[in-house]
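# An overview of the molecular structure
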Amino acid sequence: MYITPETIEELHVETTNKCNAACPMCDRNIHGGPNRPGRGLSDWTLEDIDKVFNGLPNLKFVYFCGTHGEPLSSKYIFEAIQAAKNLGAKIEMFTNGSLKTVDWWNRLMNILDKNDRITFGVDGIETNHLYRQNTNIDKILERMQICCDADVKVRWDFLVFKHNEHEMDTCKEKAKQMGVNHFRFRRTARFDAHDKFPVFDKNLNVTHYLEQPDNEEWRHPGIKDMKSLLEDLKILGQRRLDMKEFEWKDFALPENWKINCLYQESKKIYVNNRLEVFPCCYLSDEFETFKTLAKGQLVYPIGELSLRDKTWKEILDHKYFAEDLEKSWQQQNVHPRCIRTCSKIRRETDQNVKVDI
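Since the model is a prediction, treat every value here as computed from it, not as a measurement.

## Re the overall build of the protein chain
Of regular secondary structure, the protein chain possesses 11 helices and 11 strands. Burial analysis of the protein chain (357 residues in total) assigns 54% to the buried set. Restricting the contact set of the protein chain to residue pairs at least 6 apart, pairs at least 24 apart contribute 76%. When the accessible surface of the protein chain is totalled, it reaches about 16400 Å², and 47% of it is carbon and sulfur.

See below:
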């Protein structure tokens, strides 16, 4: 089996898909412009919170990190955090830091403790707005300072682009002055399709471009492989279409494409804003963006794996988790996203660079 309720130690949750920002490389919108059609907005209810945190006896960590939403936008975020802490789990929340009042942040600090962490995504001081659109850097730094002055751990995540690489040392020094505990530079893998990534306004007019940093040290090392991998997958897909009859076992993946699942290794699983359980946030993102996967690929069973109408055990006993997912890792019906994240390319492993401050 992929995982069982008893072996889950880490839970990655998206309590809402609402967000105040318009980050151009986020798939909830079209290059920072209008939201992608057909998704709608949804938020966890109090009943949802009970269902998510019921049936995981060995839970140790909960990550409130939106794939498409900002955790602070969630109506019942305090209740969700408290439910996790009632189980003895440590908390990490990822945020753009631009929402809520000072009183709200002080209330949050009264709930969290020294075992918990807030991670702020701040990509510059003068330039933060070029990627974290619709956020306010003065509010962000004020909220970050509230956290630094409290008992909670604070991390600053800096996503490196050409337009902000000149601010890297400035932000690192600012973090030190504020009392931030941890600092990371992050190398984005999202230049696999665009060397110059166009940013749109609500009318789909180009306002500016995102580019890779001039210093190649801060470029994701997997981008070249990602570009070639897309072509390889097209060739393999055509090979399948050319065959009239075949069995998946006849199409074993190349040795260096075998999957080492990051989430499975961490005993971790993902729940989205509709309480659908996915193996990871990457496959959830793939589903949200493309709705259906390529012909011949392992298909996520839409409508069958939601905690709103099933228990954890019922979901993880489903054939998708119990048999098909791991089996696909040795065959050609594997999710392409699995290869791009946990196989030939180790997307997450190569994107984060911790630095001393």
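## Describing the nonpolar core
Counting 83 residues, the largest nonpolar core has Leu-11 and Trp-156 as the members making the most contacts within it. Non-local contacts of Leu-11, meaning those with residues more than four positions away in its chain, are made with Val-52, Phe-53, Leu-56, Leu-59, Phe-61, Val-62, Tyr-63, Ile-269, Val-271 and Trp-312.

## Regarding the environment of His-31
Its location among the elements puts His-31 in the loop between β1 (10-13) and α1 (46-52). Classification of His-31 by relative accessible area gives buried; the value is 14%. C-alpha of His-31 to C-alpha of Phe-197: the two residues are 166 residues apart in sequence and 8.1 Å apart in space. Discounting chain neighbours no more than four positions away, the residues touching His-31 are Pro-24, His-194, Phe-197, Pro-198, Val-199 and Phe-200.

## Notes on the pattern of salt bridges
Scanning the model with the defined rule gives 21 salt bridges in all. Notably, a salt bridge pairs Lys-60 with Glu-9, separated by 3.6 Å at the nearest N-O pair. Of this pair, Lys-60 sits in the loop between α1 and β2 (61-64) while Glu-9 sits in the segment before β1, and the two are 51 residues apart along the sequence. For Lys-60, a relative accessible area of 41% puts it in the partly exposed group. Assessed through its relative accessible area of 24%, Glu-9 is described here as partly exposed. For Asp-157, the salt bridge is made with Arg-184, and the minimal N-O distance between the two is 2.8 Å. Linking Asp-157 in strand β5 (residues 153-159) with Arg-184 in strand β6 (residues 182-186), this pair joins segments that are 27 residues apart in sequence. Residue classification places Arg-184 among the buried positions, given a relative accessible area of 9%. One salt-bridge network, held together by shared partners, links Glu-92, Arg-117, Arg-155, Asp-157 and Arg-184.

## Thoughts on the side chain of Thr-341
Summarising the element assignment, Thr-341 is placed in helix α11 (residues 336-342). Polar contacts involving the side chain of Thr-341 include one to the main-chain carbonyl oxygen of Arg-337, which spans 2.9 Å. Beyond its immediate chain neighbours, meaning those up to four positions away, Thr-341 contacts Tyr-282, Arg-346 and Arg-347.

The rules behind the values
- Residues numbered from 1 in each chain as written.
- Predicted model: local features only at pLDDT ≥ 70, side-chain atom pairs only at ≥ 80, totals over all residues.
- Heavy atoms only, no water.
- Helix = DSSP H or I, 4+ residues; strand = E, 2+ residues; numbered from the N terminus.
- Buried < 20%, exposed > 50% of the residue type's maximum accessible area, 1.4 Å probe, protein only.
- Contact = heavy atoms within 4.5 Å.
- Areas by Shrake-Rupley, 256 points an atom, 1.4 Å probe, with all protein chains shown as cover.
- Core = buried A, V, L, I, M, F, W, Y, C linked by side-chain atoms within 4.5 Å.
- Salt bridge = Lys/Arg side-chain N within 4 Å of Asp/Glu carboxyl O.
- Polar contact = N/O pair within 3.5 Å; in protein donor to acceptor, adjacent residues only side chain to side chain.

Everything listed here is a matter of geometry and, on its own, says nothing about what the molecule does.
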